[in-house]
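Observations on chain architecture
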Number of protein chains: 2
Amino acid sequence: MKQNSIPEVITKNDSTKRHRQYEKRLRSILRAASQVFAKEGFEGASVRDVAAKAKINLSGIYYYFTNKDELLYALQHHTFSTLHETLEGRLATLRDSEDRLKAVIENHFELFAGNMDDLKVCVHELESLSGKYYREVLDVRRKYYRLVRSVVAQNLDGRSHDVDLATLFLYGSLNWVYTWYDADKNADIRKLSDGLLKIYMNGIRTS
Amino acid sequence: MKQNSIPEVITKNDSTKRHRQYEKRLRSILRAASQVFAKEGFEGASVRDVAAKAKINLSGIYYYFTNKDELLYALQHHTFSTLHETLEGRLATLRDSEDRLKAVIENHFELFAGNMDDLKVCVHELESLSGKYYREVLDVRRKYYRLVRSVVAQNLDGRSHDVDLATLFLYGSLNWVYTWYDADKNADIRKLSDGLLKIYMNGIRTS
DNA sequence: ATATAGATCGAACGTCCGTTCTAATATTAT
DNA sequence: ATAATATTAGAACGGACGTTCGATCTATAT
């Protein structure tokens, strides 16, 4: 039943009991990998740790994934794709430029709050892959970047800001969150979103 | 001649030839470590790589540093201290709140441009140390954070922003720079500083 | 019930890593 | 010159790591 080397691409909608078991295991491994990578870093984490957390034998991992890199690849590809897709979904119904910028920020923060480990691994291990894996993840990242950039550009319209610079500053605020966010202290995600939106739109001068 | 286990704290101003040689070697090792850690990540980098880049024997490293962690500690402690000290120096003569905020941003970006590897290692390996090493670096980071925070607070004065949130968003923009900065493309550091200052102060709405 | 393919497991291999130990060399002090 | 000390060098250790392999177990199909 083992399929493609790229787990995202599910071959057939084979909904046998076996297939469902397979997918369940695969997801549980990815969840374990996400937790371990987030805690130890990709290089510092061992496949043995992932196996232990997923309650599977070490070699069992290699039945589902061809190597350690592919674990990170699957994680990053899936998470960045989700980030991009959910944002596209939100933007589809919005026309007002400020609403769209708000959607960008809320989408990022809400997805982060719901998948802290995933987002942290994505943001912190940007350079841990290489070759084909790296390039494919980079493609998705670029798609997401372009989408965010287009929303920023729409808000900038006519003003003398460098679009990429403005986008990257926003990116920084969004991505840095994993280093300080505390689920207890910063429970209210909407407050974070509003705070950033206000500052980014109007600056810290306005109240 | 080997001194304290914490290289920052130079014991005596022993200016013998030997001592000067010792310090030179020590700095060359730190520079090598900075380059290797920036490229491979702290966990991914090997002490052998650092030794090779510093053109010293592997065991030579252990004459100057007690272990690999101490290399990172020395690097981070020194760089964060510098960041803090240079900012304090700049702020000493400035009273206007916007000027002071500008100093924060310029200080960070200029120091980054001049020591890309150091800053990257500092920002990217925030969690790679533990125990005493971690705590001591954290102390310096906190000092720097408080200083930046106080400048932000001064600019916020009376307005309904959360001071920590506002500081952390600024932090994000500042620290994220290592992921995208290209010395050729973004040669003009002052342009970066001005761009961020404008956005952070006035938002993207104003031209 | 038996055959077949899917899934799990235990054990091992080769490699690289951080660190240490001891000997050798270079520099300074007497 | 000789002794003392600072520094470098080479070799090795024990352990952890990613990965592989063949055996074994399990579920499905006939």
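Just so it is clear, the structure is predicted and the values come from calculations on it, not from any experiment.

Turning our attention to the environment of Ala32(A). Residue and element names in this part refer to chain A. In this structure, alanine 32 sits in helix 1 (residues 17-40). Judged by relative accessible area, which is 3%, alanine 32 ranks as buried. Between the C-alpha atoms of alanine 32 and aspartate 117, which are 85 residues apart in sequence, the distance is 9.9 Å. When residues no more than four places from it in sequence are discounted, the contact partners of alanine 32 are Val50, Lys53 and Ala54.

What follows concerns empty space enclosed by the protein. The gaps of empty space that remain are located by a probe, the size of a water molecule, rolled over the atoms. This structure, assessed with the given rule, holds five cavities of 30 Å³ or more. Approximately 100 Å³ is the volume found for the largest cavity. Among the elements of the structure, helix 8 (163-176) and helix 9 (189-202) of chain A together with helix 8 (163-175) and helix 9 (189-202) of chain B are those that each provide at least two residues to the lining of the largest cavity. A per-class count over the lining of the largest cavity returns 10 nonpolar, two polar and no charged. Within this model, the second largest cavity holds a volume of roughly 50 Å³. Val123(A), His124(A), Trp176(A), Tyr178(A), Val123(B), His124(B), Trp176(B) and Tyr178(B) are the residues that line the second largest cavity. Elements with a minimum of two residues in the lining of the second largest cavity: helix 6 (116-124) of chain A together with helix 6 (116-124) of chain B. For the lining of the second largest cavity, the residue count by class is six nonpolar, two polar and no charged.

All names here are of chain A. What the domain assignment reports for chain A is domain 1 (17-67) and domain 2 (69-202). If you average the C-alpha positions of domain 1 and of domain 2, the two centres end up 26 Å apart. Between domain 1 and domain 2 we count zero salt bridges in total. The tally of links between domain 1 and domain 2 comes to six residue pairs in polar contact (both at pLDDT 80 or more). The set of elements that each furnish at least two residues to the side of domain 1 that touches domain 2 consists of helix 1 and helix 3 (58-64).

Okay, the interface of chain A and chain B next. Chain A puts 39 residues into the contact, and the matching count from chain B is 40 residues. Taking both partners together, chain A and chain B bury about 3,800 Å²; carbon and sulfur atoms supply 63% of that area. Summed over the shared surface of chain A and chain B, the result is four salt bridges. The partner of Arg205(B) in a salt bridge is Glu98(A), with the nearest N and O atoms 2.3 Å apart.

All names here are of chain A. Of the positions making up helix 2 (residues 47-54), those classed as buried are Val47, Val50, Ala51 and Ala54. Across the axial projection of helix 2, the buried residues extend over an arc of 100 degrees, all falling on one side. Among the exposed residues of helix 2, those oriented more than 90 degrees off its buried face are Arg48 and Ala52. Buried residues along helix 2 sit in contact with helix 1, helix 3 and helix 4 (68-92). Looking one or two residues beyond helix 2, the residue adopting positive phi is lysine 55, at roughly 55 degrees.

What counts and how
- Residues numbered from 1 in each chain as written.
- Chains lettered and ligands numbered in written order.
- Predicted model: local features only at pLDDT ≥ 70, side-chain atom pairs only at ≥ 80, totals over all residues.
- Heavy atoms only, no water.
- Helix = DSSP H or I, 4+ residues; strand = E, 2+ residues; numbered from the N terminus.
- Buried < 20%, exposed > 50% of the residue type's maximum accessible area, 1.4 Å probe, protein only.
- Contact = heavy atoms within 4.5 Å.
- 1 Å grid on protein atoms, 1.4 Å probe; cavity = no way out; pocket = protein on both sides within 12 Å on 5 of 7 lines; lining within 4 Å.
- Points joined across faces, edges and corners; volume = space filled by probe spheres on them.
- Nonpolar A, V, L, I, M, F, W, Y, C, P; charged D, E, K, R; others polar.
- Domains from an automatic or database assignment.
- Salt bridge = Lys/Arg side-chain N within 4 Å of Asp/Glu carboxyl O.
- Polar contact = N/O pair within 3.5 Å; in protein donor to acceptor, adjacent residues only side chain to side chain.
- Buried area = accessible area lost by both parts, 1.4 Å probe.
- Arc of directions from axis to C-beta.

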